[in-house]
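Structural features, examined
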Amino acid sequence: MSAALLVAVLLEPGEALRLDARHWTGLLAAARGERLIGTLAAKLDGLDVPPDVAAILADARLDNLRERRQALWEVDRALAALAPLDCPVVLLKGSAFIAAGLLAGQGRAIGDLDILVPRERLDEVEAALLSAGWEWVKPDPYDDIYYRRWMHELPPLIHHDRDRMIDVHHTILPLTARPRPDAAAMIADAVPLEGGGAVLRIDDMLCHAAAHLLADGDMAGGLRNLWDIHCLILEHGEAPNFWLALDRRARQHGLTGPMRRAVRLSHRIFGTEAPAAWLKGAVFDALFEARLLTRNDWGLEERPFLRLAFYIRSHWLRMPPLMLARHLWTKWRKGYRPVGP
Amino acid sequence: MRHEIGLGIGPATFRIGSAWRAPLDALARLYAAYPPVDLSRRVPDFTVRLQPTRPWRRLIRPSIFIAGDHWLPEAAPMALEHGLLAAEMGMNLQMALGWRRHVLLHASSVERDGKAIIITGESGSGKSTLAAMLGERGWRLMGDEFALLDPVSGAVFPFPRLISLKNQAIDIATAGIASERLGPLMAATAKGDIRHLVPRADAIARMKEPATPALLLFPQYGPAADRRPVDPGEAFVRLTQASTNYVALGEAGFRALTRFVTQVPAVALDYPDSATVFAAIDDLWSRIG
Amino acid sequence: MGVTYRAEAPDQIVIEHLGAIDLLYHHRSGATHLVAAPMPQILEALGDGPATVADLIGRLAAQFDFDAAEDMASLLEQRLAELAALGLVRVDG
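These numbers were taken from a predicted model, which means no experiment stands behind them. (Residues numbered from 1 in each chain as written. Chains lettered and ligands numbered in written order. Predicted model: local features only at pLDDT ≥ 70, side-chain atom pairs only at ≥ 80, totals over all residues. Heavy atoms only, no water.)

By a frequent convention, interface size equals the accessible area lost on bringing the separate parts together. Counting residues at the interface gives 24 residues for chain A, matched by 27 residues for chain B. For the pair chain A and chain B, the two sides together bury roughly 2,300 Å², of which 54% comes from carbon and sulfur. Counting the contacts that link chain A with chain B gives five salt bridges. Among the salt bridges present, the one from R101 of chain B reaches D59 of chain A, with a minimum N-O distance of 2.9 Å. The interface formed by chain A and chain B contains nine residue pairs in polar contact (both at pLDDT 80 or more). (Contact = heavy atoms within 4.5 Å. Buried area = accessible area lost by both parts, 1.4 Å probe. Salt bridge = Lys/Arg side-chain N within 4 Å of Asp/Glu carboxyl O. Polar contact = N/O pair within 3.5 Å; in protein donor to acceptor, adjacent residues only side chain to side chain.)

Residues and elements named next belong to chain A. One open sheet accounts for seven strands, arranged β3-β4-β5-β2-β1-β7-β6; its pairing is mixed. Every interior strand has two partners, whereas the edge strands, β3 (134-136) and β6 (191-192), have only one. Across four bridges, the pairing between strand β2 (residues 113-116) and strand β5 (residues 165-169) is parallel. Residue I115 lies in a different strand from β5, and its bridge partner there is V168. (Pairing = 2+ DSSP bridges. Helix = DSSP H or I, 4+ residues; strand = E, 2+ residues; numbered from the N terminus.)

Further remarks concern unusual backbone geometry. Of note, the bond from A37 of chain C into P38 of chain C is cis; its omega dihedral lies within 30 degrees of zero at 5°. In this structure, P38 of chain C sits in the loop between β4 (31-35) and α1 (39-46). Located in the positive-phi region is D86 of chain A, a residue other than glycine, with phi close to 50°. Following the sequence through the fold, D86 of chain A ends up in the loop between α4 (51-82) and β1 (90-91). With relative accessibility at 69%, the residue D86 of chain A sits in the exposed group. Positive phi, close to 55°, is recorded for A188 of chain B, a residue that is not glycine. Position of A188 of chain B among the secondary structure elements: in strand β12 (residues 186-189). A relative accessible area of 62% means that A188 of chain B is categorised as exposed. (Buried < 20%, exposed > 50% of the residue type's maximum accessible area, 1.4 Å probe, protein only.)

Turning our eyes to something else, we now look at the confidence of the model for chain C. All names here are of chain C. Of the residues in chain C, 91% reach a pLDDT of 70 or more, and the chain-wide mean stands at 87. When pLDDT is averaged over each helix and strand of chain C, the minimum, 89, is found for helix α2 (residues 53-61) and the maximum, 94, for strand β1 (residues 4-7). Interface confidence in the predicted complex, given as ipTM, is 0.94; pTM for the same model is 0.91. (pLDDT = per-residue confidence, 0-100.)

All names here are of chain A. Together, V283, F284 and L287 make up a nonpolar patch on the protein surface, roughly 340 Å² of accessible area in all. Tracing the sequence through the fold places F284 in the loop between α12 (256-270) and α13 (285-292). Overall, F284 belongs to the exposed group, its relative accessible area being 51%. (Patch = residues over 30% accessible without salt bridge, like charges linked within 9 Å, V, L, I, M, F, W, Y side chains within 5 Å. Areas by Shrake-Rupley, 256 points an atom, 1.4 Å probe, with all protein chains shown as cover.)

On to the nonpolar core. All names here are of chain A. Counting 94 residues, the largest nonpolar core has L40 and M259 as the members making the most contacts within it. A total of 10 residues in this core trace back to one element, the largest contributor, which is helix α9 (residues 202-215). Discounting residues that sit within four places of it in the chain, L40 has contacts with L6, V9, L10, L27, L28 and A31. (Core = buried A, V, L, I, M, F, W, Y, C linked by side-chain atoms within 4.5 Å.)

A few words on the sheet that holds strand β1 (residues 3-9) of chain B. Across a sheet, strands are paired by hydrogen bonds formed along the backbone, either parallel or antiparallel in direction. Residues and elements named next belong to chain B. Strands sit in the order β1-β2-β3-β4-β5 across an open sheet of five strands; the sheet is mixed. Looking at the sheet topology across the chains shown, the edges are occupied by β1 and β5 (78-79). Bridge count between strand β4 (residues 63-68) and β5: two bridges; the pairing is antiparallel. Note on β5: the bridge partner recorded for S63 is A79. With respect to the sheet, helix α1 (residues 22-30) is in contact with β1, β2 (12-18) and β3 (46-52), its orientation differing from that of β1 by roughly 30°. (Axes fitted to C-alpha atoms, helices over the stretch in contact; angles between N-to-C directions.)

Rendered as structure tokens:
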């Protein structure tokens, strides 16, 4: 399985020097499939790889520079648009890792800009973005009502000149999900950045990453999210009281289960160091591990039934059963099918 | 993937995997004259996958989903008998979304004496057909779909994939050409009728050889013959619109295109028939030192 | 009137002159802008340091003849707002 090879090379880049052409091909396809090619290219920088591989990795490093530049520019533009509101703006996920100069940001693919703002300021934020050139991504009446009623974010906005999306969150999990993270505390304790805006405290970043990986979504692309978690712990895990604070914070957000499982999975897959008390095994971890490592040497996810099981689980997590049935029915009528390519 | 083939076109290499044998057999026949790519020794730039839309659609009403390193979730599935087209579209998609070593221009190009004509325009402008016909009339065909502009040297590199002919252009451009150089006629695809043409042997043998851009043409098939110069500013804007990776390349792309439009004369050509356009090209070429 | 305008640092901007228009590449955003007079002149004048609209009129007057009847201030404010929307100019105060 190439996902396992990808993990091995990310942890020990020198291992790559022993690969033959077939293994390199599988490794690169899996890395692209998991959106970890940029991270891989950053890790392998400076190693004496075969010339055909070197050219591919050089392209990926060029893309890393552009991703970084574009992510920082979107942050700049959003902060400029929201500056008159004097409202806290907390960057989330990849943009936050890059803006805060964290290890997790190295080579990371970004895509959309995610920000967190207080729920009571949502209308003002929305209005300010709309007047600064962002517009709704083709509103679909069902999706729009669904978003506004149940989601943790505004429907996505796209900038009409720059063609880049922004997701404005007021909390980190859908309102229909069982855990109710304390978004107000996250915003109150966020760490201001020099150039404006703020990022979550490290323990909140980890809670968010764990929630995103395990309490929201079907874990497609989960390996990259788990890599974020590994990098955050690698960089900060030795700080005094780190684990105690993380434990307390996860409990405050109702995320103890996902946070513990995320740490165990990161330990299982990336060998992340954690206190023994955090690593007491749970029966289903092996299944989660298998789900995260389904990518093969064609960059394709194997084990469709395992993936389908996680897809259904992801909706179960987010919604009470009756709502789930209504939601899936509406999606199916519109021709949506869960098992993607 | 059950079946695979390695292909090299110009500077790019591909691994194409398929759930079915037929599309790869068609590729193997039409790409037989290209230098082989041995996937056990060479790491290809891109992977293309021709996969069933659903697991059971490999055998029951086979339906191809085009995927790979780069893919579009909204791409419409294709019928198995259009598998060759699916493979070509998959390779185009990798180039359009993933190529970073040149400014990729959605343009055809032909060469003579080390100098190249770059022909661009919207689909329906005839750029592919013109290049195909020039390629049979003493020019070296460099590519019917993508021209690769080197940001370092300013030279244009070839990408002579199979020439994709559409609808009425099929009869016009394949007249007198041996059947070994023609792919199957694929009727009623999403793009109309499609037939592939293998470039001439010299185009394939010299597929790594660049040329200096000497003329930029914007042809437009229409009722009246007309010819007018295009100023560098307009040429620049039209080239950025014809490039899929201009933004991705950042300053290198900006410098390459500004240099290109300041050095290469650009002409818009309206033509009612092929005789007119060939005469105009001969005339323009004779004025280029 | 405390509003001052600052231009992006000169090393963030590459300008190529192509006949009647100027092409401007902006590093920080990775965007290319097609600009015509007086945009490049405004950016150049701001290159001497942050300025209010009144300062800017003074700087540009050295280079250009203004039609006195024209409302230069409001014209410049409009152009500056456009440059600010592109992120090429920052507004302080």
